[in-house]
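# Understanding the architecture of this molecule
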Amino acid sequence: MARVHDMGGRTRYFGPLPPIDPDEPVFHEVWEARTFALALLANRVSGANLHAFRHAIERVPEEEYLSGYYQRWLASAELLLLDSGILAPGAVEARARRLQGEEVGEPPVPEPHKPGMPSGGPGNLRTVEAAPAFAVGDPVTARADEPAPHTRLPGYARGRTGTVVALRPAQVFPDTAAQFTGENPQHVYEVRFDARELWGADAEPGSVTVDLYESYLERAR
Amino acid sequence: MTDLRQTADPTLSPALRVEALESLLLERGLVDSATVETFIRTYETAVGPMNGAKVVAKAWSDPEYRQWLLEDGTAAIASLGFKGPQGEHMVVLENSPTVHNVVVCTLCSCYPWPVLGLPPSWYKDPAYRSRVVKEPRAVLAEWGTELGPDVELRVYDSSSEVRYLVLPERPPGTESMSEEELAALVTRDAMVGVRKVAAP
């Protein structure tokens with residue numbers, strides 16, 4: 001079953017667009033700014049990575065996820081700190097209750113168990129020696145099998161056939177990096193799907209272009 | 001992996017929860033206030049769509065720069081001093097009278113921070129993320145952007161670490177304008193591709 005974050009094309013999330021306010025402040029409230037900074041720092045302190053951070057956001061339950069962007073960032077920051085044993089379960093809630101005057105005990109500081117995935121360097125771009133499996137112009141089909149707990153293959157593209165229109169720099173594979181099982185860097189392809197292939201014969205004319213990792217693709221039959 | 005029931009009660013206000021989180025990390029020296037403030041200040045003041053507007057204005061004014069920008073977006077953008085997280089590999093998509101590009105991230109809200117700053121509310125909205133891949137013309141029309149039937153509409157879903165910047169069409173009546181004057185016309189929404197740059 002598709003999870004909340006995988007929104008492309010899902011009518012469940014359709015609705016009126018919000019207005020575009022060119023003067024919108026970067027942060028609407030002080031807590032949003034603090035959440036932004038602390039989530040990035042929580043990721044660092046936890047020994048996690050960008051992919052694990054995205055996965056943590058995807059693990060937030062639908063109702064809380066939909067309550068707002070920085071709401072889900074805040075929940076994911078706490079998740080990463082719990083995952084790595086930096087904070088004990090209940091620590092944030094107990095401290096929050098104390099801050100509002102409740103007399104509650106706080107759990108002891110746990111023994112951290114940060115992930116120790118070796119990294120090939122900062123950022124996510126890598127050099128891959130193996131030749132790319134596909135070339136510009138090749139027809140490719142995105143895999144339709146059960147995806148990893150975190151994947152960057154959008155649900156709407158699964159099982160669909162498109163054409164490679166460009167090669168991108170090789171990158172760390174999100175599906176394994178998010179689980180701390182390895183970087184597995186691989187070639188990335190810009191794949192263009194005709195709108196009718198994705199949405200059927202009545203689709204608005206046009207195309208959707210998606211950047212897909214080599215493991216997501218097979219040669220179209 | 002942590003069970004969600006172990007995270008703080010979401011009915012407690014986020015302001016209170018983030019204050020609690022911060023105090024727990026501060027007292028153990030895991031983060032320091034100066035770093036928190038620097039992160040916030042950087043994205044409130046130094047990084048934002050005014051950076052992307054400079055890139056676009058230069059591309060409109062300097063044909064050689066435009067060529068470089070389209071061939072190697074990362075290097076051409078870095079030459080103006082704009083680089084960093086969420087901009088490690090930049091690809092610039094040129095809008096023209098025949099092709100219109102629009103960018104989304106359906107899976108989260110990936111966005112080219114060094115040139116556009118942090119994403120605005122509308123870009124992160126479930127309605128935009130769900131609809132624009134399936135009915136992009138309806139989305140653009142709802143925001144007042146009408147495209148002719150002959151215009152090829154290309155939607156880009158930012159699913160890898162590549163980040164996209166749309167190079168909008170230069171509006172008519174701007175032939176004598178300086179780069180600085182042009183930059184003042186360029187809007188964030190046009191650099192994502194949901195609107196065009198309006199003539200002055």
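Definitions and limits used
Residues numbered from 1 in each chain as written. Chains lettered and ligands numbered in written order. Predicted model: local features only at pLDDT ≥ 70, side-chain atom pairs only at ≥ 80, totals over all residues. Heavy atoms only, no water. UniProt positions renumbered as here; feature names shortened; annotations may be inferred. Pairing = 2+ DSSP bridges. Helix = DSSP H or I, 4+ residues; strand = E, 2+ residues; numbered from the N terminus. Axes fitted to C-alpha atoms, helices over the stretch in contact; angles between N-to-C directions. Buried < 20%, exposed > 50% of the residue type's maximum accessible area, 1.4 Å probe, protein only. Contact = heavy atoms within 4.5 Å. Buried area = accessible area lost by both parts, 1.4 Å probe. Salt bridge = Lys/Arg side-chain N within 4 Å of Asp/Glu carboxyl O. Polar contact = N/O pair within 3.5 Å; in protein donor to acceptor, adjacent residues only side chain to side chain.

Going by the annotation in an unreviewed UniProt entry, the name recorded for chain B is nitrile hydratase, with Geodermatophilus ruber given as the source organism. In UniProt, chain B has this text filed under Sequence similarities (unreviewed entry): "Belongs to the nitrile hydratase subunit alpha family."

The name an unreviewed UniProt entry assigns to chain A is Nitrile hydratase subunit beta, from the organism Geodermatophilus ruber. What the UniProt record of chain A gives under Function (unreviewed entry) is the line "NHase catalyzes the hydration of various nitrile compounds to the corresponding amides." Per UniProt, the comment on chain A under Catalytic activity (unreviewed entry) is "an aliphatic primary amide = an aliphatic nitrile + H2O".

### Digging into the sheet that holds strand β3 (residues 152-157) of chain B
The seven strands are arranged β5(A)-β1(A)-β2(A)-β3(A)-β4(A)-β3(B)-β2(B) in an open sheet whose pairing can be described as mixed. The sheet is open, and its two edges are formed by β5 (217-219) of chain A together with β2 (99-104) of chain B, each paired on a single side. The sheet shows a mean angle of 35 degrees between the axes of neighbouring strands, taken without regard to direction. Bridge analysis of strand β2 (residues 161-171) of chain A against strand β3 (residues 186-194) of chain A gives six bridges, and the strand direction is antiparallel. Bridge pairing in β3(A) links A:Arg168 to A:Val188.

### Regarding the pairing of strand β4 (residues 207-213) of chain A
Residue and element names in this part refer to chain A. Within β4, seven of the seven residues are buried, leaving the element largely enclosed by the surrounding structure. Burial along β4 is two-sided: the residues Ser-207, Thr-209, Asp-211 and Tyr-213 and Val-208, Val-210 and Leu-212 are all buried. Alignment of β3 against β4, held across seven bridges, turns out to be antiparallel. Across the sheet, the residue bridging to Val-191 is Val-210, located in β4.

### Concerning the interface of chain B and chain A
Taken together, the 81 residues of chain B in the interface contact 93 residues of chain A. Counting each side, the surface lost to burial between chain B and chain A is near 7800 Å², with a carbon and sulfur contribution of 63%. By the criterion of area lost to chain A, the three top residues of chain B are B:Leu107, B:Lys134 and B:Glu161, representing 9% of everything that side buries. For the pair chain B and chain A, the interface holds six salt bridges. As a salt-bridge pair, B:Asp9 and A:Arg97 come within 3.5 Å of each other at their nearest N and O atoms. At the boundary of chain B with chain A, the tally comes to 35 residue pairs in polar contact (both at pLDDT 80 or more). Top contributing element to the side of chain B that touches chain A by residue count: helix α1 (residues 14-27) of chain B, with 13 residues.

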